[in-house]
Amino acid sequence: MRYASFLQDLAASGSTAWAVHSEAMARHRRGEDVIILSVGDPDFTTPPPIADAAVDALRSGQTKYSAAGGVAGLRKAIAQTESKRLGLEISPDEVTVTAGAQNALYMTMRCLLDPDDAVILLSPPYVMFEGVVRAAGGTPILAPLDADRGFALDPDAVAAAITPKTRAILLNSPHNPSGAIANRAAVERLAALCVAHDLWLISDEVYADLCFERSFYSPRRAPGVGDRCVVIRSLSKSHAMSGWRIGWAVGPAAFAGHARNLLNNIQYGGSAFLQAGAEAALTGDGADTACMKEAYRRRRDLLVEGLASAPGLRALKPEAGIFALADTSETSWSGESFSWALLNEAGVSVLPGGAFGPVLQDRVRISLCQPDAVLAEACARIVHFLSRHAGQAA
Ligand SMILES: Cc1ncc(COP(=O)(O)O)c(C=O)c1O
């Protein structure tokens, strides 16, 4: 039987990216001693008041169909959260609740793209971006971030990538995998490009609550960008709720209307009791997120300091988020061969940077989603592993 042809592209784009991680997980399940630093799934438990609110809602019978695009209470809580965060008046009519940020990305692409429309991604992009554009019938076009300036946003590089086919620019700041935060002036120039070329600006801000020192400037706040911007967020990282699959898009009311209509046809509404938990997450005092942020910051420092004596490996200090990149170019390994050797010889799994594209082939991405003691043990293993191999440097 025949399948839709775009599925070929999707299978090809994600096929090898996760091989080290999958192998590490298989070994872990078999009881082998493996420290998993290859995935960004928060190790914290979802804060109990959030789980309690969902359980109460479940027991009280919130188990029926619910409105596509989110129940009223959660949309209101999101609108209030985003109004406060962005310093703008966001109405619940501009909010669409989705199954995580990933689903919001797909829904947004479906709402904005016609076949063959191009979307500019900043390279290296988060691993799922190219696939989500293709899944919606669009064409991803890469514009480089400035790797020499810590993966800074370079509006000139974006301007050079714009063609008559360009429909949207997808910005991800704070950035996965580098943890870089785009600075305000660059974001405003990007926004001005969108206005000048009549483009959508999609802003993936899933790490916005996890900025360590520098504050984050959302492009939604840039002059003139309001009705051409869709902001995407979720509770996955900020509230340790990855498995709940709760995210959202904030865009113009007309966009939200189309999005609800689309979701009605493909999902028919999410789970009301999970959304009750999400509402509790957003109406709480924020102390749990602050605690997790502090833990990630501490772990970042622990990792960077712990790897300082690793021969040839250079860890880059992220400004935000739950990952750090490390550069293998002064060792004899590429990111990929380093990751396999480290897994096989030291029992630590990291993600080869090549998963994000050739620009990161000499880097690995290391997750901060392990307790401090485990992360310290992983650093010790990496230092020991590289010390043993010192002298083999290319
Ligand atoms: C940049 C970025 N966007 C979106 C997602 C998807 O998040 P969610 O779990 O909310 O679907 C992730 C997850 O790692 C991410 O890093």
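Scroll up to find the structure this text is about.
Procedures and definitions
Residues numbered from 1 in each chain as written. Predicted model: local features only at pLDDT ≥ 70, side-chain atom pairs only at ≥ 80, totals over all residues. Heavy atoms only, no water. Phe/Tyr/Trp six-rings, centres within 6.5 Å; stacked < 30°, edge-to-face > 60°. Buried < 20%, exposed > 50% of the residue type's maximum accessible area, 1.4 Å probe, protein only. Helix = DSSP H or I, 4+ residues; strand = E, 2+ residues; numbered from the N terminus. Salt bridge = Lys/Arg side-chain N within 4 Å of Asp/Glu carboxyl O. Contact = heavy atoms within 4.5 Å. Expected span 1.5 Å × (residues − 1). Pairing = 2+ DSSP bridges. Axes fitted to C-alpha atoms, helices over the stretch in contact; angles between N-to-C directions. Core = buried A, V, L, I, M, F, W, Y, C linked by side-chain atoms within 4.5 Å. Domains from an automatic or database assignment.

With respect to the packing of aromatic side chains
Point 1. With the rule as written, the count across this model stands at 8 aromatic pairs.
Point 2. For the ring pair W333 and F338, a centre distance of 6.1 Å and an interplane angle of 70° mean the geometry is edge-to-face. Each of the two residues, W333 as well as F338, counts as buried.
Point 3. Plain terms: the ring middles of F338 and F385 are 5.8 Å apart, the flat faces sit at 75° to each other, and that makes the pair edge-to-face. Of this pair, F338 sits in helix α12 (residues 335-346) while F385 sits in helix α13 (residues 372-389), placing them 47 residues apart in sequence.

Brief notes about the pattern of salt bridges
Point 1. In the structure shown here, the tally under the stated rule is 27 salt bridges.
Point 2. For E130, the salt bridge goes to R134, with nearest N and O atoms at 4.0 Å. Within this pair, E130 and its partner R134 are both found in helix α6 (residues 129-135), separated by 4 residues, close to a single helical turn.
Point 3. D301 is the partner of R300 in a salt bridge, and the nearest nitrogen-oxygen pair spans 3.0 Å. Across this residue pair, the class does not change: R300 and D301 are buried.

Thoughts on the side chain of S218
Point 1. Residue placement: S218 occurs in the loop between β6 (200-204) and β7 (229-234).
Point 2. Contact partners of S218, with chain neighbours within four places excluded, come to L86, V187, E205 and V231.

Digging into helix α8 (residues 184-196)
Point 1. In a regular helix each residue adds 1.5 Å, so 13 residues correspond to 18 Å; α8 covers 18 Å between its end C-alpha atoms and thus fits that length.
Point 2. On the buried face of α8, the contacting elements are α7 (155-161), β5 (166-172) and β6.

Remarks on the sheet that holds β5
Point 1. In spatial order, the strands read β2-β8-β7-β6-β5-β3-β4; together these 7 strands make up an open sheet with mixed pairing. The two strands at the open ends of the sheet, each matched to only one other strand, are β2 (95-98) and β4 (139-144). Recorded for the sheet is a direction-independent mean angle of 25° between the axes of neighbouring strands.
Point 2. In terms of strand pairing, β7 meets strand β8 (residues 247-250) through 4 bridges, oriented antiparallel. Following the sheet pairing, S234 is matched in β8 by G247.
Point 3. Packing against the sheet, helix α5 (residues 100-112) makes contact with β2, β3 (118-123), β5, β6, β7 and β8, and its axis sits at approximately 160° to β7.

Section: the nonpolar core
When a protein is soluble and globular, its nonpolar side chains tend to lie buried together.
Point 1. Within the largest apolar cluster, 59 residues are counted, with the highest numbers of intra-cluster contacts made by M109 and F338.
Point 2. If you tally residues by element for this core, the top one is α13, at 7 residues.
Point 3. Composition of this core by domain shows at least three residues from each of domain 1 (6-45 + 288-388) and domain 2 (63-283).
Point 4. Other than its neighbours up to four places away in sequence, M109 contacts V119, V132, V133, A136, L170 and I202.
Point 5. Formed by 50 residues, the second largest nonpolar core is a distinct cluster that contains L193, L201, V250 and A278.

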